[in-house]
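Summary of structural features
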Amino acid sequence: MPDKKCAESEQNDCVMPVRSANPIRARSLIRDNLEKQAGCLNLIHSRMPNIKVFSGTSHPDLAQRIVDRLGIDLGKVVTKKFSNLETCVEIGESVRGEDVYIVQSGSGEINDNLMELLIMINACKIASASRVTAVIPCFPYARQDKKDKLPGSEDNEESKKLAKKNYDWKFRANAQSRAPISAKLVANMLSVAGADHIITMDLHASQIQGFFDIPVDNLYAEPAVLKWIKENIPEWKNSIIVSPDAGGAKRVTSIADRLNVEFALIHKERKKANEVASMVLVGDVKDKIAILVDDMADTCGTIVHAADRLVEAGATKVYAILTHGIFSGPAISRINNACFEAVVVTNTIPQDGHMRDCPKIQCIDVSMMFAEAVRRTHNGESVSYLFSNVPY
């Protein structure tokens, strides 16, 4: 008769081997029990590890909104700088075997925030985190994604004169550029630091996803933009979606198709960075509400010129909807003096200060999209639902 302990152990999925007088029977029992134990171990390893969300210093408000949506607490982390301005990060809780998400946007002091993100990723990775995902709402250096400058195209006049003297146009047009591809460098840095996955929104160029050898989920602000247009522009059916440059044509055609309205675009030529030489409007905006859509606005020179051009062409009202509102330099004063009804941005970058300085700026909260992306990634679900829907 087996004792009580053996009887109780046989009721469990994983049981200890049982002695038997028959050698063949004993080997069979051992094999069966080892298989059951292996099955239990596989079951344990197949379970999704617990989740931890940490915030960098660039956008703590967005990180707090994400964890509030998920119903968890923000992870404990201390970031500080030494007297020589070196960044120091201390993770304040165990991450061993955890599914870690680090929220850090490419805004403010971009270089310091990028370095902080890299250190946080590495700190979690060497602390035995199961997986480390970098949630980067606004990807830093995304505009430096290709070699597109020619030798002698620097901003100062002396360099231009020297280039004109030493190169003929045919040679310069075929010359190898010396501009860096900094977005690729950032991708390499994130991978080397230990990131296993990237979640971002509206990359300046979707091809940046190809710079990574790890999975990248590039979310779109388009569903939130469509929702805002329908709820805040009463005459949106008489609108026209306008791209301020040719590069955004795919973006505006997608929005125009989903709203069943027309679209237009503005062709611009630059003499140098942040300066537009000329603009040509392609499309009819007369007696319509023009909605400018772009992925980001920095100094806002382009969208202000575009708004003026749209008013000259007969647009009744002009709105601007931008995913990443960087608003550096004279951007706020330009918007205040421009003819916009509203300039709408998402909170991928902190906007509280900008909204105080400029009453025309309005903000769309996209924290629920990042929270849902984190939840679905953690649970091993598809995130493609977020490409065309706003989670409620």
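Structure: above.
These notes cover the structure that comes with them. Here the structure is a predicted model, which is why all the values come from computation and not from measurement.

The rules behind the values
- Along each chain, numbering runs from 1 in the same order as the chain's sequence is written.
- Where local features are concerned, this predicted model is filtered to residues with pLDDT of at least 70; where side-chain atom pairs are given and counted, the filter is 80 or more; whole-chain, interface and lining totals use all residues.
- The basis for every side-chain value is the complete set of non-hydrogen atoms in the structure, without hydrogens or water.
- Pairing of aromatic side chains requires ring centres within 6.5 Å, counting the rings of Phe and Tyr and the six-membered ring of Trp. Pairs whose planes differ by under 30 degrees are stacked, by over 60 edge-to-face, and all others tilted.
- Working definition: helices are DSSP H or I runs of at least four residues, strands are E runs of at least two. Numbering for both runs from the N terminus.
- Type-normalised accessible area, obtained with a 1.4 Å probe on protein chains alone, sets the label of each residue: buried when under 20%, exposed when over 50%, and partly exposed for intermediate values.
- At least two DSSP bridges between two strands are required for those strands to pair.
- Working definition: the arc comes from the directions between the helix axis and the C-beta atoms, pointing outward to the latter.
- In this description, contact between two residues means that some pair of their heavy atoms is separated by no more than 4.5 Å.
- One side-chain nitrogen of Lys or Arg within 4 Å of one carboxyl oxygen of Asp or Glu is enough to make a salt bridge.

Quick look at the packing of aromatic side chains
- Tallied over the full model, the rule gives three aromatic pairs.
- Where F139 meets F212, the ring centres are 5.9 Å apart and the plane angle is 80°; that geometry is what we call edge-to-face. On the criterion of sequence distance, the pair formed by F139 in the loop between β5 (131-136) and α5 (157-166) and F212 in the loop between β6 (197-201) and β7 (216-219) is long-range, its members being 73 residues apart. Accessibility classification places F139 together with F212 in one group, the buried group.
- Ring geometry for W228 and Y319: centres 6.3 Å apart, planes at 70°, overall edge-to-face. Of this pair, W228 sits in helix α8 (residues 222-232) while Y319 sits in strand β12 (residues 317-325), and the two are 91 residues apart along the sequence.

Regarding the pairing of β6
- Judged by how many residues are buried, β6 sits mostly within the fold: five of five residues are covered.
- Side-chain alternation along β6 places H197, I199 and M201 on one buried face and I198 and T200 on a second face that is also buried.
- Pairing of β6 with β7 involves four bridges; the strand directions are parallel. Bridging across to β7, I199 finds its partner in D217.

Comments concerning helix α9 (residues 249-259)
- Along α9, the residues classified as buried are V252, I255, A256 and L259. For α9, the buried positions fall inside an angular range of 100° around the axis, keeping them on one side. Counted as exposed and oriented over 90 degrees from the buried face of α9: K250 and D257.
- Of the residues trailing α9, N260 is marked for its positive phi of about 60°.

Points about the side chain of H197
- Along the polypeptide, H197 turns up in strand β6.
- Setting aside its immediate chain neighbours within four residues, H197 contacts V132, T133, A134, I214, P215, V216, D217 and T377.

Quick look at the environment of F54
- With respect to the element layout, F54 can be found in strand β1 (residues 51-55).
- It is 9.3 Å that separates the C-alpha atoms of F54 and D73, two residues lying 19 residues apart in sequence.
- Sequence-distant contacts of F54, that is, excluding residues within four places in its chain, are made with G75, K76, V77, I91, E93, V95, V100, Y101, I102, V103, M120 and C124.

Things to note about the pattern of salt bridges
- A complete count under the given rule lists 17 salt bridges for this structure.
- In this structure, D61 and R65 form a salt bridge, with 3.1 Å as the shortest nitrogen-oxygen distance. Taken together, the residues span about one helical turn, with D61 and R65 both in helix α3 (residues 60-70) at a distance of four residues.
- Judged by its relative accessible area of 37%, R65 falls in the partly exposed class.
- The closest approach of N and O atoms between E262 and K288, which form a salt bridge, is 2.8 Å. Taken together, the residues E262 in strand β9 (residues 262-272) and K288 in the loop between β10 (275-282) and β11 (289-297) connect sequence positions 26 residues apart.
- Given a relative accessible area of 47%, E262 falls into the partly exposed group.
- Overall, the relative accessible area of 18% leaves K288 in the buried class.

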